[in-house]
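Next come the chains, spelled out residue by residue.
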Amino acid sequence: MLDFPGALRQARNVDTPPILPVKSEAAKPRRKGRKKFIFIAIFGVAVLGAVMYWALRSKDPAVTVQTEKVARHTITETVIANGKIYPVMQVHISPEVSGEITNLPVKEGQYVHKGDLLLQINQDVYVAGLNQANAGYESAIAAKTTAVANLEKADTDYTRNKALFDTKLLSESDFIGFKVARDVAKAGVESADDQVNVAKAAVDNAQDLLNKTTIVSPLDGTITTLNSQLGERVLGTVQNAGTDIMIISDLSAMEARVDIGEMDVVLVQPGQKARLEVDSYKDQKFSGIVTAVANSSEGLDSGPAVASSSSSSSGTGQSATQFQVRIRITDLVPFRPGMSVSATIETRTRTNAIAAPIASVTTRVLKALLNKGAAGAKTNSVPTNAVVALNGETNSLKKGDEKNKPVDVVFVIQGDHVKTVPVKIGIFDDDYYEVTDGLKEGDEIVVGGYHAISHDLDDGKKIVKGAANADLQKTKS
C-alpha cells in the first residue's frame, strides 16, 4: 500500500515554479496604425463617393420638353349623350270601342290632314244599341205622358172634393183619400221625368259609341306606324288598354331624346345650345335647343313589382341611372323617327379665362410637393381644393390624410429647370382646362411630351426646350 501521508509531505516539498515576468505590449503601436489606416480609407471612400455623386448628378441628362405661355381663352364645357330622333308631336291612335275594322283607307307613310277618315269599325252592334236606346226613350216619354194625365185627373178630383169637404158634404176620410191620390200622381210625374232623362242619356251614350266607330285624324301628319289591317278585330279603350292601331307624326318638327347620367344632368337646363350628329348624315352637324329635362330617372315609375325584380337580379349587374333630355332640332332636315343621334350640349362657358392645355396637367403626390416646395418663388402653398383623388389610387390612401393624396400640377419653366406648381382646375373643353388658382397669365409651362409630363419631370428637373412632338400635336388637334 502506498504511504499516502508521506506522498503528501513529499508533494509539499516540491519547489514552486518561478513566475514569469509580464511581456510588454509591443503590438499596441501596430494596432493604432491599423485604425488610422482604416479611418483614412473610409474617409477616402466617402470623399470619392461624394465626388462621383456630384459628378454623376452634374451629368444627369436634361429632359426635352415643349413649352407654351399661359394665355386667356374662352372655354365651353360640354356634355355628350346618345339617343334617338322622334317627332315633337305624335299621336297613337287606339279605338274607344271594340269590333272589326271594316274600312281602312290609309297606309303607312301616307300624309293625312286633320279630319280625314282613318278607319271604320263595324257599326251593326252599335246601331242596334242606339235603336234600343231610342225605343227606351220613347217608352219613357209615353210613361211621362200617362203620369201627367193621371196627375191632371187626381188634381181635378181633389179640387172638386175639397169643395164638398169645405161644405161638410164629404167626410174627412174620403177627402184625405183624394189628397193622397193627387200626391201620388205628382210623384209619378217626377219619376217619369227621371226615367225620360235616363233614357235620353242612354240614347246619347249609344250615339257616342256609334260615332266612335268612325276614327278621323286629329292632326296634319304622316302615318309613321300602322299595326292593324283591314278585317282585324281591335279592342277598345273604354274598359281595356286598347289596340294601338297606328301612329300619326308631325315630321315638320323633330327632336332628339337622349339619356344623360346623374352626374351630368344637373348641368343641363332648358334653353342651352346643342350640336347634333346623326349617323345617317355623315360629316354634317345640326343645331338644337334643349327644351325639357326629366325630373325623374328612367324606370323610376315602373312600380314596386319591377323594382323587386330588378333588385333580385342586382347581383348580375345594375344599369346606370339615366335621365331623358329633349333637344328641339332647329334645322329643317327630313329626319326619320328612330334615327340614332349624338348630342353635344353646351352647359357652361368661361370667357377670358386663364387656361392651360389639357396635356400640360398631371398629378403628383402632395406630400412630395410639400417636402420640396418650401423654396418656390411663384407658388409657396397648395391652393384651396387643389387635392384631387385619382381613380383607382384612393383605395390605398388613408382617409383624411391629405398629404398622401395626389393633386393637379403643372410644370413651370424656371431657367433651365422646372418647378412643380399645384393648380386648381375649373371647367374644361376639348383643348384647355380653366385654371382658377396657381398660374398667372404669361407663365411658361411644359405642354409636352406626354411621357415627360407623366413620368420624367419632377420638381427641379433640368429641361431642354424642343420642337412640338407628335403627342402634343395630336392633343391639340
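The preceding data block contains the structure.
Presented here is an overview of the structure given in this document. (Residues numbered from 1 in each chain as written. Predicted model: local features only at pLDDT ≥ 70, side-chain atom pairs only at ≥ 80, totals over all residues. Heavy atoms only, no water.)

1. Structural notes on the side chain of S249
Next, step 1: Assignment of secondary structure puts S249 in strand β9 (residues 246-261).
Next, step 2: Within the structure, the side chain of S249 is placed 3.0 Å from the side chain of T224, a separation counted as a polar contact.
Next, step 3: Apart from the residues within four sequence positions on either side, S249 is in contact with P87, M89, Q90, G221, T222 and T224. (Helix = DSSP H or I, 4+ residues; strand = E, 2+ residues; numbered from the N terminus. Polar contact = N/O pair within 3.5 Å; in protein donor to acceptor, adjacent residues only side chain to side chain. Contact = heavy atoms within 4.5 Å.)

2. Things to note about the environment of D259
Next, step 1: On the secondary structure map, D259 appears in strand β9.
Next, step 2: Sequence spacing of D259 and G83 is 176 residues, and the spatial spacing of their C-alpha atoms is 6.3 Å.
Next, step 3: Those residues in contact with D259, other than ones at most four positions away along the chain, are A81, N82, E298, Q322, F323 and Q324.

3. So, the packing of aromatic side chains
Next, step 1: Inspection of every chain in the model, using the stated rule, returns six aromatic pairs.
Next, step 2: When the centroid spacing of 5.1 Å and the interplanar angle of 85° are considered together, the rings of F286 and F335 count as edge-to-face. Within this pair, whereas F286 is found in strand β11 (residues 286-293), its partner F335 is found in the loop between β12 (322-329) and β13 (340-357), the two being separated by 49 residues in sequence. Residues F286 and F335 agree in their burial class; the two are buried.
Next, step 3: Seen from the ring of Y158, R182 lies directly overhead, with NZ or CZ sitting 4.0 Å from the centre. (Phe/Tyr/Trp six-rings, centres within 6.5 Å; stacked < 30°, edge-to-face > 60°. Buried < 20%, exposed > 50% of the residue type's maximum accessible area, 1.4 Å probe, protein only. Lys NZ or Arg CZ within 6 Å of the ring centre and 35° of its normal.)

4. Re helix α4 (residues 172-211)
Next, step 1: If you check α4, its first and last C-alpha atoms are 59 Å apart, about what 40 residues at 1.5 Å a residue would give, namely 58 Å.
Next, step 2: All buried positions along α4 are accounted for by F175, R182, A185, V189, A192, V196, A199, V203, A206 and L210.
Next, step 3: On its buried face, α4 is in contact with α3 (124-166) and β6 (214-216). (Expected span 1.5 Å × (residues − 1).)

5. Focus on the nonpolar core
Next, step 1: Ranked by size, the top nonpolar core spans 25 residues in total, and within it I260, I327 and F335 carry the most contacts.
Next, step 2: When contributions to this core are tallied by element, the ones reaching two or more residues are β2 (71-93), β9, β10 (273-278), β11, β12 and β13.
Next, step 3: Dropping the residues within four chain positions of it, I260 is found in contact with V79, A81, V265, V268, T321, Q322, F323, V325 and I345. (Core = buried A, V, L, I, M, F, W, Y, C linked by side-chain atoms within 4.5 Å.)

6. Quick notes on the pattern of salt bridges
When the charged atoms of two side chains with opposite charge come close together, those side chains can pair.
Next, step 1: Counted under the stated rule, the structure contains 17 salt bridges.
Next, step 2: As a salt-bridge pair, D157 and R160 come within 3.1 Å of each other at their nearest N and O atoms. Highlighted residues: D157 and R160, both in helix α3, separated by three residues, approximately one helical turn.
Next, step 3: Given a relative accessible area of 15%, D157 falls into the buried group.
Next, step 4: Residue R160 is classed as partly exposed on the basis of its relative accessible area, which comes to 47%.
Next, step 5: Look at the salt bridges and you will find they share partners, linking E96, D208 and K212 into a network. (Salt bridge = Lys/Arg side-chain N within 4 Å of Asp/Glu carboxyl O.)

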